[in-house]
Amino acid sequence: MELMYLLSGDSSGNILNTLRRILFCITAVSVVLEMVFFPSWANLVGCIMMVTAHVIFVFVALNRNRILASPFLFVVMMSMFAYRYIPVPGTLISLRPVSYGMETPVKTFVSETLFFLLFTVIYYITAYGYDKRRGPVGFYKSIGLYKYGSEHSIWLLGIVGLIVRIISYSNNAFDHTSLSDTVQDLIYAPVVLFFPFFFDENPEKPVNFKKPVIWAYLIILSIVGLGSNSRFEIMSPFILIAVFYFIYLVKEDVDLKSILSPKRIIYGLVSILLILGLMQTISDAMLTVRNNKRDYSFSQLVRLTAQNAIDSVGAKQEEVEEKKEAQPYSVKWTEEYIDNFALNRYGNIRFSDEIYFYSKDLSDEDRADIRESFKIRLLCLLPTPVMRLFGLEINKSDYNYSNATYLYYKAGYCDYNYLFTHRVETSYLPDGLSIFGGYYLIIQSLLFLIIFWFIRGLSYYDSSGKFVYSLYGMIFMNTYHHMGMYANGIYGCFGFLFRSMWESMLVFLVVNFVVRLWARFSATFKPHA
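Residues numbered from 1 in each chain as written. Predicted model: local features only at pLDDT ≥ 70, side-chain atom pairs only at ≥ 80, totals over all residues. Heavy atoms only, no water.

Chemist: It is not clear to me how the nonpolar core should be interpreted in this structure. Could you clarify?
Modeler: Grouped together as the largest cluster of nonpolar side chains are 144 residues, with contacts concentrated most on Phe198, Phe244, Phe452, Ile455 and Tyr480. In this view, Tyr480 contacts Phe72, Val75, Val76, Ile455, Leu458, Tyr472, Gly473 and Phe496; residues no more than four positions away in its chain are not counted. (Core = buried A, V, L, I, M, F, W, Y, C linked by side-chain atoms within 4.5 Å. Buried < 20%, exposed > 50% of the residue type's maximum accessible area, 1.4 Å probe, protein only. Contact = heavy atoms within 4.5 Å.)

As structure tokens, this is what we get:
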């Protein structure tokens, strides 16, 4: 049915139809090339995973009403889809098979496909429209998560987040579970101003990218991001712009032919290639100082990253190396899979395979230790004053590592100090199985259902059928986008449900109240001509 539709010559040029056609072409070409150049049973299973993800995403996720009803859930779905879809085309671009470097590729591809099917069922039953009387919408409206205020107040939210981020990075504080980290997420607030239809009383207002002040602000964020030594921090505001613009195109059902002239397409492709090249250079430069970033000040990190980026440009002109064989897991933890850092960020399914590999070396005692460590780390989600109130004397710095890092340690591949000097990325399914065994899928399903119920309340449709979106949800959109990525895992879901969701709401409400109060106070005492 999909094939006949795509080949029928339908002239509809809206964003969803265009995206369906693009995905179909990528899928068809990728599968053919994979089987021609890298024919094997494992790679065939990888292609089946890609095709399955494609069909599910096209028929379930690329639905206009579902996207507009909850763009916050859609970005979770999008990240989950990318993890199963990107590996085949991504490794092909790197001239590698999809099973590159894997120890158990068939197990990895099959299990991740089945997990995606389970996730899709949960997404399907939760991503429907609320009116303002259902779900948590009424509660969110009553506490003020839907209050937008003026453009000045939105700017002030972003500036507060930026100031806290600069102070935090200047103090070498890179803890992503602290209150200050939640405040820092407010830095993305001004991005919303590109899209007035989200908050203006006139929902027909078009997107307006002609705002040089906001672009200057984004450049400042990128420079500050160099000091974080996090590639995702630099990408985040631009990911937000792309997501919001996609929502706008879906909402307006825009015919792409009306906005994409041949000149714009050429300019756009050239700009994308240049930006990706620059980002790749910056990414490589960041990796050279990542493991020692706490040894440098914020300004030193910015200078070192910039200098390494400049130096690497010249070095790459002379560097002509043949593709090396994948480094085996027994040597060390490796993130080598797709050469392009952005594609690797979303589609490095080798993480799942790697955790499966290390899990096989765990004894029953090791698994019990991992579960105990996980329980203590869950307690560490509580604010320190609350822990003291209940008599919990736990030094949080002793448990500041990921579950996958601890698994890597218990499997005997690193020493104890490695836990605090490196961070091994995790993946939902193999990570959860290593903690909860056969109960994991039940626990994860319940967590997704509860979390999605809360997220779903960040948008609703009013009596006229217009979709209304929460400013809080728009600002923290990257939180939901990150939730579907491999680096999150079940600990991230517990962390979101038991701390970060409520903490981010409280931060937004308090800062927004202070900002609106200050704006009102300033307007009252503003001298009149």
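Chemist: What's the story with helix α16 (residues 350–359) in this structure? I'm lost.
Modeler: In an α-helix, one turn spans 3.6 residues; hence positions three or four apart end up facing the same way. Burial of α16 is extensive: 10 of the 10 residues sit out of reach of the surface. Along α16, the residues classified as buried are Arg350, Phe351, Ser352, Asp353, Glu354, Ile355, Tyr356, Phe357, Tyr358 and Ser359. Looking at the packing, one finds that the buried side of α16 touches α5 (71–85), α7 (105–126), α17 (364–379), α19 (403–410) and α21 (428–436). (Helix = DSSP H or I, 4+ residues; strand = E, 2+ residues; numbered from the N terminus.)

Chemist: Sorry if this is basic, but what is going on with the confidence of the model for the protein chain here?
Modeler: Regions with low pLDDT carry predicted coordinates that are not meant to be interpreted in detail. For the protein chain, the mean per-residue pLDDT works out to 81, and 78% of the residues sit at or above 70. When mean pLDDT is taken per element in the protein chain, helix α3 (residues 41–61) scores highest with 96 and helix α1 (residues 2–7) scores lowest with 36. Note that residues 1–12 has pLDDT below 50 and, in this model, 14 contacts with residues that lie over four places away or in other chains. (pLDDT = per-residue confidence, 0-100.)

Chemist: Help me out: how do you make sense of the packing of α3 against α7 in this one?
Modeler: At a closest axis distance of 8 Å, the pairing of α3 and α7 adopts a crossing angle of 10°. Overall, the two elements α3 and α7 adopt an arrangement that is roughly parallel. From α3, Trp41, Ala42, Val45, Gly46, Met49, Thr52, Ala53, Ile56, Val60 and Ala61 reach across to α7, where they touch Pro105, Val106, Phe109, Val110, Glu112, Thr113, Phe116, Leu117, Thr120, Tyr123 and Tyr124. Among the residues forming the contact of α3 with α7, the class breakdown is 16 nonpolar, 4 polar and 1 charged. (Axes fitted to C-alpha atoms, helices over the stretch in contact; angles between N-to-C directions. Parallel < 35°, antiparallel > 145°, perpendicular 65-115°, else oblique. Nonpolar A, V, L, I, M, F, W, Y, C, P; charged D, E, K, R; others polar.)

Chemist: When you look at the packing of α19 against α21 in this model, what are you seeing that I'm missing?
Modeler: Any two packed helices are characterised by the angle at which their axes cross and by the distance between the axes. Packing of α19 against α21 leaves a shortest axis separation of 10 Å and a crossing angle of 65°. α19 and α21 meet at a crossing whose hand is left-handed. Mapping the contact onto sequence places Asn403, Ala404 and Leu407 in α19 and Asp431, Ser434 and Ile435 in α21. Here the residues of the contact of α19 with α21 are counted per class, giving 3 nonpolar, 2 polar and 1 charged. (Left-handed = near helix turned anticlockwise from the far one by under 90°.)

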